[in-house]
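Per-entry structural report
One-letter residues, chain by chain:
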Amino acid sequence: EIIEGEVVEIEIDRPATTGSAAKTGKVTLKTTEMETIYDLGQKMIESLQKEKVQAGDVITIDKASGRISKLGRSFARSRDYDAMGPATKFVQCPEGELQKRKEVVHVVTLHEIDVINSRSQGFLALFAGDTGEIRAEVREQIDGKVAEWREEGKADIVPGVLFIDEVHMLDIECFSFLNRALENELAPIVVIATNRGITKIRGTNYKSPHGIPIDLLDRLLIIQTKPYSEEELRLIVDIRCEEEDVEMTDDAKELLTKIGSETSLRYAMQLITSSYLIAKRRKAAEVDIEDVGKSYSLFVDVKRSTQFLIEYQDQYMFNEIKGLEAQPMES
């Protein structure tokens, strides 16, 4: 429970002598519908002075702990001073009753709860990063308690998202762990990405689509991806130029779009910075088609680099592949 209102007046009675007599005082709080006077003790007076509360401030007082929070200045007092600091925040005068019941929501992860309950003073391990091993018994107890909170309406589970890129690099043991973890009721949403076709599952001699075991693939929703069209490539080039603060002519962007469609999008994105440096060297305001062409001639893409290696393979010190020109290259 909290008390929320605008401070109308603060009265603090200081003792005439410097003896052991404590300070006493009164504070008047109001909302749009009511106004009440509260008596203040020594600790509340110190809290008000610490927060530098004055008439016209909108404050909240936690009845359980006595903590005072200043929300800002009331709009009714916005003309009290000709000039105010940039940190001054104006809020509306609260409505309704002074005493309110406010629900406080704390967002914590299951891992944080596990760490806190895994040892004495476990919350210190969260800051140190030394979480150590968490026993299965602790996890089961936490899962049971969280399920009880959900039934009572005290907690809601917001599933997280686990993204695993280049998932074909995992071995069979990791896939087995994922298979078991996905069956858990509190498991996050798992998104995996790979660019492999039919290849071997690491740790085995068996081949599978994308290098993922069939039983795990059966649990997944597979999203089909398609190559970018020229319009989409041009839009990506425009966005990347804007993000890198590079002024580029339309002809240069068209050339980058063509390069991206014929080679790769990553290569086209890397040419933006190098073309900008070339244009900057000749003190140009915009990157022109000549700058992109020069950058294209200086930095080769994968296809041209591979062709160069095939043509001049005999001139390298070590060349393990013979007769490469007669064999098709794997992309």
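We now turn to the structure provided with this report. (Residues numbered from 1 in each chain as written. Predicted model: local features only at pLDDT ≥ 70, side-chain atom pairs only at ≥ 80, totals over all residues. Heavy atoms only, no water.)

1. Quick look at the nonpolar core
Counting residues in each nonpolar core, the largest one holds 15 residues, and the members touching the most others are M248, L256, I272, V287 and V292. Among the elements of the structure, α7 (230–243), α8 (250–262) and α9 (265–281) are those that each provide at least two residues to this core. Tallying contributions element by element places α9 first for this core, with 6 residues. In this structure L256 touches V237, M248, A268, L271, I272 and V292, once residues within four positions along its chain are discounted. (Core = buried A, V, L, I, M, F, W, Y, C linked by side-chain atoms within 4.5 Å. Buried < 20%, exposed > 50% of the residue type's maximum accessible area, 1.4 Å probe, protein only. Helix = DSSP H or I, 4+ residues; strand = E, 2+ residues; numbered from the N terminus. Contact = heavy atoms within 4.5 Å.)

2. Describing the pairing of strand β2 (residues 24–30)
Two strands pair when backbone bridges link them, and strand β1 (residues 2–13) and β2 are joined in this way by 7 bridges, in the antiparallel orientation. Across the sheet, E9 pairs through a bridge with T28, a residue of β2. Sheet analysis places β2 next to strand β3 (residues 35–40), joined by 6 bridges and oriented antiparallel. Considered in β3, the bridge of T28 is made with I37. Counting the residues that bridge the hairpin from β2 to β3 gives 4 residues. (Pairing = 2+ DSSP bridges.)

3. Describing the pattern of salt bridges
Summed over all chains, the structure comprises 12 salt bridges. Of the charged contacts in the structure, one is a salt bridge between K154 and E152, with a shortest N-O distance of 3.3 Å. Using a relative accessible area of 43% as the deciding quantity, one classes E152 as partly exposed. Taken together, the salt bridges that share partners define one network made up of R234, D238, D250, K253 and E254. (Salt bridge = Lys/Arg side-chain N within 4 Å of Asp/Glu carboxyl O.)

4. Some words on the packing of aromatic side chains
Given two aromatic rings, their pairing is described by the distance between the two centres and the angle made by the two planes. Following the criterion strictly, the structure yields 2 aromatic pairs and no others. Ring centres 6.2 Å apart and planes at 65° place the aromatic pair Y267 and Y296 in the edge-to-face group. Of the two residues, Y267 sits in helix α9 while Y296 sits in helix α10 (residues 289–298), which places them 29 residues apart along the sequence. The exposure class of Y296 is partly exposed, given its relative accessible area of 29%. Here F308 and Y312 contribute two aromatic rings whose centre-to-centre distance is 4.8 Å and whose plane-to-plane angle is 45°, an arrangement assigned as tilted. Relative accessible area serves as the criterion here: at 45%, F308 is assigned to the partly exposed category. For R304, the ring lying beneath its charged end belongs to Y296, and the centroid distance is 3.8 Å. (Phe/Tyr/Trp six-rings, centres within 6.5 Å; stacked < 30°, edge-to-face > 60°. Lys NZ or Arg CZ within 6 Å of the ring centre and 35° of its normal.)

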